[in-house]
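So the chains spell out like this:
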Amino acid sequence: FFFFKQKTAYEISACLVGSEMCIRDSLISRYENGRDKLISTEVEVTDMKAYLTKLEPQLIKANEETKQLMVNLQVKQKDADSKREVCEKEEQECNIQKEEANKLRDECQTELNKVIPILEEALKALEAVKREDIGNLKSYTSPPDGVRLVMETLCYIFNVPPVKKQGEDLRKKELDYWEPSKKKILNDPGKLLKDIQSFNEEQIATLPADTINKLKVVIANPNYDPVVVFKASSAAGNLSKWVRAVVDTFEASKIVQPKRILLATAEERLREAQKILAEKKAILQEVVDLLEALQRDYDKAVEEKKSLEQKVDTCRLQVIRAEKLLNGLGGEKIAWGKKLEDLKEESKSILGDVILSAGFIAYLGAFPANYREFCITNWSELLKKNHILISRNYSLQNILGDPLLIGDWTSKYKLPNDSLSIDNAIILKNASRLPLMIDPQMQANGWIKALERPQLLEIRPTQQPKEYVSKLENCVSLGLPVLLEN
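Residues numbered from 1 in each chain as written. Predicted model: local features only at pLDDT ≥ 70, side-chain atom pairs only at ≥ 80, totals over all residues. Heavy atoms only, no water.

### A word on the packing of aromatic side chains
Per the stated rule, a full pass over the model turns up seven aromatic pairs. Between Phe158 and Phe199 the ring centres are 5.9 Å apart and the planes differ by 65°, which places this aromatic pair in the edge-to-face class. Here Phe199 lies in the loop between helix H5 (189-198) and helix H6 (201-205) and Phe158 lies in the loop between helix H3 (145-157) and strand E2 (163-166), a separation of 41 residues in the sequence. Overall, the relative accessible area of 24% leaves Phe158 in the partly exposed class. Among the residues examined, Phe199 registers a relative accessible area of 11% and is labelled buried. On the basis of an interplanar angle of 10° and a centroid distance of 6.1 Å, the ring pair of Phe158 and Trp242 is categorised as stacked. Of this pair, Phe158 sits in the loop between H3 and E2 while Trp242 sits in helix H9 (residues 234-328); the two residues are 84 residues apart in sequence, bridging distant segments of the chain. A network of ring pairs unites the aromatic residues Phe158, Phe199 and Trp242 as a single cluster. (Phe/Tyr/Trp six-rings, centres within 6.5 Å; stacked < 30°, edge-to-face > 60°. Helix = DSSP H or I, 4+ residues; strand = E, 2+ residues; numbered from the N terminus. Buried < 20%, exposed > 50% of the residue type's maximum accessible area, 1.4 Å probe, protein only.)

Here it is in structure tokens:
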């Protein structure tokens with residue numbers, strides 16, 4: 001290749017110095033960053049190993065503490081289960097006792113329900129009795145048998161003693177209840193009615209059995225029949241109904257009272273059992289509360305252990321990956337360090353290298369390889385005499401060439417893989433004027449076509465001047481590549 005009306009070496013060097021300095025500075029920065037990153041990674045790996053060494057004993061301790069908490073939790077759980085079983089058993093017993101007490105209470109109430117309505121009915125009937133009616137009974141000098149018998153039963157109930165009176169048989173005296181009843185019972189009708197109303201079940205239950213037996217004997221008398229008594233006096237009839245209710249209530253109390261005693265005993269036992277049960281439940285609740293606290297502590301310890309395990313696993317994995325990376329890049333660290341030193345050393349000679357490269361591009365494009373070497377050698381000596389440093393093994397490819405780009409040129413775009421062709425391609429890439437290529441073997445032609453297709457416009461002299469001039473103008477205005485072939 002050679003180039004027509006190329007810029008001077010001074011002009012080219014002025015352009016190249018700045019760009020090459022930027023390229024070198026960028027490369028130095030990249031290698032320094034890479035080296036520093038490897039060094040910082042090594043420091044981080046050392047720190048992570050120290051951190052991992054610190055975490056592992058903590059994890060062992062956490063495992064032991066968690067196991068101990070689990071043992072304590074299991075022991076307390078067994079204790080709680082045992083106490084809960086005792087409480088449940090005693091609660092069942094309390095429920096049985098409660099059922100028995102309720103059964104006794106229901107039985108008592110059932111028996112009382114049989115007579116209480118009778119007693120209430122008799123008391124209600126007495127509400128219709130007026131004082132005058134009672135007073136009228138007192139007016140009898142010789143009362144009917146039914147009235148006399150009723151008053152006798154009232155004397156039994158209110159414990160009014162009889163008087164002895166001469167009977168039909170002059171040799172004997174009979175017991176008379178009529179006169180005492182007039183004096184002590186019928187004497188104050190209001191008090192009588194009040195005493196009857198206030199004579200409750202407890203008082204009835206405390207009547208002597210002998211009194212009840214006497215009442216039964218009188219009640220069995222035909223003259224005590226309600227119909228007979230009511231014919232004689234309605235007041236006496238209602239009083240007789242109350243006397244009958246007293247007897248029935250007493251008979252019921254004989255059945256109820258033993259059951260009430262049993263009920264009281266059962267309720268006392270129930271209260272004692274419930275008290276003991278409440279104490280044991282309180283103890284159980286303390287154990288349950290402690291168990292819940294232990295469970296919370298255990299759950300917290302498990303979470304902390306899991307977190308610690310995760311940290312250890314993460315740290316260990318990071319150390320493994322980092323060491324793998326460092327081992328893989330161990331050689332690169334040395335290579336990058338050497339390359340960095342070389343780049344820093346080459347940066348000292350960048351001015352001389354650029355001057356040689358500018359002269360190469362400006363003046364040597366049309367010359368063969370041996371003459372190019374001759375010129376470079378002479379120019380290098382001249383630069384050294386003027387104390388301008390150059391690279392030890394200067395070549396155009398080392399200074400302006402990109403190994404990746406050169407590889408693409410030779411592999412993809414059909415550029416011959418020799419130093420002369422590669423140097424020519426570098427000259428073309430860095431040239432600022434239109435190149436004239438002498439290409440008898442069509443190597444440069446094939447490379448240009450492969451490199452610039454599909455945007456390349458090919459122009460041949462056989463075309464009409466107006467036609468290719470207009471196309472050339474369009475390509476220049478659009479910045480498209482043009483290949484003018486002869």
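### Considerations on the packing of H3 against helix H7 (residues 209-219)
Two elements in contact, H3 and H7, have axes whose closest approach is 9 Å; the angle formed by their N-to-C orientations is 175°. Here H3 is positioned roughly antiparallel relative to H7, judged by the angle of their axes. Contacts between H3 and H7 pair Leu149, Glu152, Thr153, Tyr156 and Ile157 from the former with Thr211, Lys214, Leu215 and Val218 from the latter. Taken together, the residues of the contact of H3 with H7 break down into five nonpolar, two polar and two charged. (Axes fitted to C-alpha atoms, helices over the stretch in contact; angles between N-to-C directions. Parallel < 35°, antiparallel > 145°, perpendicular 65-115°, else oblique. Contact = heavy atoms within 4.5 Å. Nonpolar A, V, L, I, M, F, W, Y, C, P; charged D, E, K, R; others polar.)

### Some words on the pattern of salt bridges
Counted according to the given criterion, the structure contains six salt bridges. Among the salt bridges present, the one from Asp145 reaches Arg148, with a minimum N-O distance of 3.7 Å. Taken as a pair, Asp145 and Arg148 lie in helix H3 at a separation of three residues, close to a single helical turn. Classification of Asp145 by relative accessible area gives partly exposed; the value is 38%. In this structure, Lys214 engages Asp210 in a salt bridge whose closest nitrogen and oxygen atoms are separated by 3.5 Å. Residue Lys214 and its partner Asp210 are located together in helix H7, separated by four residues, close to a single helical turn. (Salt bridge = Lys/Arg side-chain N within 4 Å of Asp/Glu carboxyl O.)

### Comments concerning the confidence of the model for the protein chain
Averaged over every residue, the pLDDT of the protein chain is 80; residues scoring 70 or more account for 88%. Looking across the protein chain, the model is least confident in strand E1 (residues 2-3), with a mean pLDDT of 40, and most confident in helix H12 (residues 369-385), with 92. Predicted confidence is poor over residues 1-5, with pLDDT under 50, and the contacts of this stretch with residues over four places away or in other chains come to 25 contacts. (pLDDT = per-residue confidence, 0-100.)

### Overview of unusual backbone geometry
It is generally the case that most residues other than glycine have a negative phi and that most peptide bonds are trans. Phi is positive for Asn159, close to 60°, though the residue is something other than glycine. Tracing the sequence through the fold places Asn159 in the loop between H3 and E2. Exposure remark for Asn159: the relative accessible area of 67% places this residue in the exposed category. Positioned with a positive phi, Lys414 is a non-glycine residue whose angle comes to about 65°. The residue Lys414 is located in the loop between helix H14 (403-411) and helix H15 (419-430) in this model. A relative accessible area of 63% means that Lys414 is categorised as exposed.

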